Amino acid sequence: MDLTPNAAPVRRRRRGRTVVLSTVVVAVLGVVVVRGLGDATLYFHNVDEAVARRDALSDDRFRLQGSVVDGTVDRVGETTTFEVTYNGVQATVRHRGEIPKMFAPGIPVVLEGRWSDDGFRSDRMLVKHSEVYVAENPERTTGYGETTPTS
Amino acid sequence: MTITGTGSRATRALGVLTLALFALLALLGLVLSPPDAAMGEAVRLFYVHVPAALASYAGIAVLGFGSVMYLWKRSLTWDLLAAAAAEIALVFTALTLVTGSLWGRPTWGTYWEWDPRLTATAVLFLLLLGHVAVRAAGGDVHGRARRSAVVGLLATVDVPIVRYSVDWWRSLHQPATLSKLDPTIDGLMLFSAFVGIVAFMAAFTWFLLHRFRVAWLEEQVEELSLADAIVERRAEGGRS
């Protein structure tokens, strides 16, 4: 008596269905994640948008991104005041809290806080590094006299 | 035939090459390459962080390929390849997260931030961990292979999200440097990064070959013991 189950054709159909189904699920998931996250992940507002939407943001806590304007950094006690700029729009920041080591004029920063009457009050600062890596060049200062052609 | 290890002449040569590349990378990364104008010595983390991330992508590419091939061909060899790649990708993803975290503190000012790239990478790590967990759950080998192939495909889908998150969305993480047509990086830094990538890819290939061979041998042992059990059962049947 042959008791071998004659299941080969069923398995084949099920296999095809699994492949199609998992491909569809993966594709849909990919689209949902990409499109959904695209709207949800507004990680920060740039200065120009934050200024334009100042009323709508009212006293919501959000992240502000802009470059530190040269010559505006002023430290009084625990508060550091400076201007940030993005897309030609400037805003005043009053920051109380830790300041990352890389903080410097011209560098882009991300600040967490809210609008107030005297500007953006932040209590958390992160430095946003660019994708540019430049070697520190000690020769530029030490060897300056030798390499600069004298006219 | 007695098998005493998973090494062969080719993997031994690859191992020696890998170690030599890491020695060269240490020399370039720690001694010869210059500090960065903005971030100083912390830039040296570039030479392990970026290569580790690329090695994890390579691992997940093999995982995705193995998963698709298993679902198509239903051959356990593909399943074993995918499983070996997933484990190694998990290690490299963990290394990417750790080196990135250590780099983030002196540069950004934080160990962790829920920005799009970091979040997507954390998801990737969890999916790979899930893959290992699904395999540990046991059960019928083909059922296990099917379930882990689905998790493997989910991890594969996450890779382009991680890769392009910095271009699609606003992110604290800086965009890609090396894939730009004219990479904005100092010459010796670029060369160090290049050596780092070659070294990590060599290490990945080396680990993958060994891990796959171990998985394959485990499979052989299981099949042998299954065959023995069947023979024993038949013998019992003959006696009764």
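Everything quoted here is computed from the prediction, not taken from an experiment.

J.: Is there a simple way to think about the overall build of chain A in this case?
T.: The number of helices and strands found in chain A is five helices and seven strands. When the elements of chain A are put in sequence order from the N terminus, they spell out α-β-α-α-β-β-β-β-β-β-α-α. Burial statistics for chain A: of 151 residues in total, 19% are counted as buried.

J.: Mind showing me how you'd approach the overall build of chain B here?
T.: Along chain B, the regular secondary structure elements total six helices and zero strands. Secondary structure elements of chain B, listed N to C terminal, follow the sequence α-α-α-α-α-α. When the backbone C-alpha atoms are referred to their principal axes, chain B occupies close to 85 × 40 × 30 Å. Contacts in chain B between residues at least 24 apart in sequence constitute 78% of all its contacts with a sequence separation of at least 6.

J.: Could you clarify how one ought to interpret helix 2 (residues 46-73) of chain B in this entry?
T.: An α-helical turn contains 3.6 residues, so a residue and the one three or four places further along point in the same direction. All names here are of chain B. Taking 1.5 Å per residue as the helical rise, helix 2 with its 28 residues ought to reach 40 Å, and the 40 Å between its terminal C-alpha atoms agrees with that figure. With 22 of 28 residues buried, helix 2 lies mostly within the body of the structure. Arg 74 sits one or two residues past helix 2 and shows a positive phi near 55 degrees.

J.: Just to check I follow, could you spell out the interface of chain B and chain A for this structure?
T.: Reports of interface size often rely on the accessible area that becomes lost once the parts have come together. Taken residue by residue, the interface counts 37 residues in chain B and 32 residues in chain A. At the level of secondary structure, the elements contributing two or more residues to the side of chain B that touches chain A comprise helix 2, helix 3 (76-107) and helix 5 (141-168) of chain B. Considering each element in turn, the side of chain B that touches chain A owes the most residues, seven residues, to helix 5 of chain B. Of the residues assigned to the side of chain B that touches chain A, the class counts are 23 nonpolar, seven polar and seven charged.

J.: Which parts of the structure should I look at to understand the nonpolar core?
T.: Proteins that are soluble and globular tend to have nonpolar side chains buried together. Residues and elements named next belong to chain B. Counting residues in each nonpolar core, the largest one holds 60 residues, and the members touching the most others are Ala 82, Ala 85 and Ala 89. Only helix 1 (9-32), helix 2, helix 3, helix 4 (116-136), helix 5 and helix 6 (187-239) provide two or more residues apiece to this core. The residues contacting Ala 85, other than those within four sequence positions of it, are Gly 59, Val 62, Leu 63, Gly 66 and Leu 208.

Cut-offs used in this document
Residues numbered from 1 in each chain as written. Chains lettered and ligands numbered in written order. Predicted model: local features only at pLDDT ≥ 70, side-chain atom pairs only at ≥ 80, totals over all residues. Helix = DSSP H or I, 4+ residues; strand = E, 2+ residues; numbered from the N terminus. Buried ≥ 20, exposed ≤ 12 C-beta atoms within 10 Å, placed from the backbone. Contact = placed C-beta atoms within 7 Å. Expected span 1.5 Å × (residues − 1). Nonpolar A, V, L, I, M, F, W, Y, C, P; charged D, E, K, R; others polar. Core = buried A, V, L, I, M, F, W, Y, C linked by C-beta atoms within 7 Å.

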